[in-house]
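Examining the three-dimensional arrangement
Take a look at the letters that make up each chain.
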Amino acid sequence: MIEIQGITKEPHQIHRITFGDSTITLELRYSPIVELWHCNVSYKGAKRNGVRLVLSDRIIDGWLKPFDIKVTDTSGTGVDPVLVDDFSSNRCKLYLLDTAEVAARRGFEVAL
C-alpha cells in the first residue's frame, strides 16, 4: 500500500501517481451539502467518475484495473470521511493498493 500524500482541505484537488509506465490521476472532490468525499479516477484513457471515498478495501468495485484505493480511519471511530479536513488532519488516510495487493483480494491478476 502506498499512502497518497498531500491531500489538503481544498474541496477540489488533483493528484497524479506514477504507476508502472503510466499515471493514475485522482481528482478528489468534497461535497459540503452531503458531507462526503468522492473522486474521479483516470488510468490509460479509462475513467471512472463519482467513486465515493468510504472505509473499504475495494472502493473501485467492478472496474478491472491493476490497482484500487483504500480509505482508513486512524481515529478508530469507523466513520467515513465526511469533513473537509478529514484527510488533511490525518483522521482518514487514502492509499493506493498495488497489483499484488489487488490480485490477493480479487483472487486473480489484471495486467498493467
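Residues numbered from 1 in each chain as written. Predicted model: local features only at pLDDT ≥ 70, side-chain atom pairs only at ≥ 80, totals over all residues. Heavy atoms only, no water.

Time to look at the pattern of salt bridges. With the rule as written, the count across this model stands at 5 salt bridges. Aspartate 73 is paired through a salt bridge with arginine 91; the nearest N and O atoms lie 3.0 Å apart. A residue pair is termed long-range when its members are at least 10 positions apart, and aspartate 73 in strand S6 (residues 68–73) and arginine 91 in the loop between S6 and strand S7 (92–97) qualify at 18 residues. By the burial criterion, aspartate 73 is buried, and arginine 91 matches it. Here arginine 91 makes a salt bridge to aspartate 86, at a shortest N to O gap of 3.0 Å. Through salt bridges with shared partners, one network takes in Asp73, Asp86 and Arg91. (Salt bridge = Lys/Arg side-chain N within 4 Å of Asp/Glu carboxyl O. Helix = DSSP H or I, 4+ residues; strand = E, 2+ residues; numbered from the N terminus. Buried < 20%, exposed > 50% of the residue type's maximum accessible area, 1.4 Å probe, protein only.)

Taken together, the 3 strands give an open sheet; going across it, the order is S1-S7-S6, and neighbouring strands pair in antiparallel fashion. Since the sheet does not close on itself, it has two edges, and those belong to strand S1 (2–3) and S6, each with one partner. Bridging between S1 and S7 involves 2 bridges; their strand directions are antiparallel. Across the sheet, isoleucine 2 pairs through a bridge with leucine 96, a residue of S7. (Pairing = 2+ DSSP bridges.)

The side-chain alternation of strand S2 (residues 12–19) yields one buried face, formed by Gln13, His15, Ile17 and Phe19, and one unburied face, formed by His12, Ile14, Arg16 and Thr18. Judged from the 8 bridges that link them, S2 and strand S3 (residues 22–31) form a sheet pairing that is antiparallel. Bridged to histidine 15 within S3 is leucine 26. Hairpin remark: S2 followed by S3, antiparallel, with 2 residues in the connecting loop; positive phi at glycine 20, about 65 degrees.

Strands pair in a sheet through their backbones, by hydrogen bonds, and they do so in one of two ways: parallel or antiparallel. Pairing in this open sheet of 4 strands is antiparallel, and the strands run S2-S3-S4-S5 from one edge to the other. Looking along the sheet, the strands with just one partner apiece sit at the ends: S2 and strand S5 (46–52). Neighbour-to-neighbour, the strand axes of this sheet turn through a mean angle of 20 degrees, independent of strand direction. (Axes fitted to C-alpha atoms, helices over the stretch in contact; angles between N-to-C directions.)

Next up on the list: empty space enclosed by the protein. Following the criterion strictly, the structure yields 1 cavity of 30 Å³ or more and no others. By volume, the largest cavity amounts to about 30 Å³. Sort the elements by how many residues they give to the lining of the largest cavity and helix H1 (residues 99–106) lands first, with 3 residues. Here the lining of the largest cavity is composed, by residue class, of 2 nonpolar, no polar and 5 charged. (1 Å grid on protein atoms, 1.4 Å probe; cavity = no way out; pocket = protein on both sides within 12 Å on 5 of 7 lines; lining within 4 Å. Points joined across faces, edges and corners; volume = space filled by probe spheres on them. Nonpolar A, V, L, I, M, F, W, Y, C, P; charged D, E, K, R; others polar.)

This paragraph deals with unusual backbone geometry. Here the phi dihedral of lysine 44 falls at roughly 50 degrees; this positive angle occurs in a residue that is not glycine. A positive phi angle, close to 70 degrees, is found at asparagine 90, a residue other than glycine. Along the chain, asparagine 90 turns up in the loop between S6 and S7. According to the relative accessible area criterion, asparagine 90 is partly exposed, its value standing at 40%.

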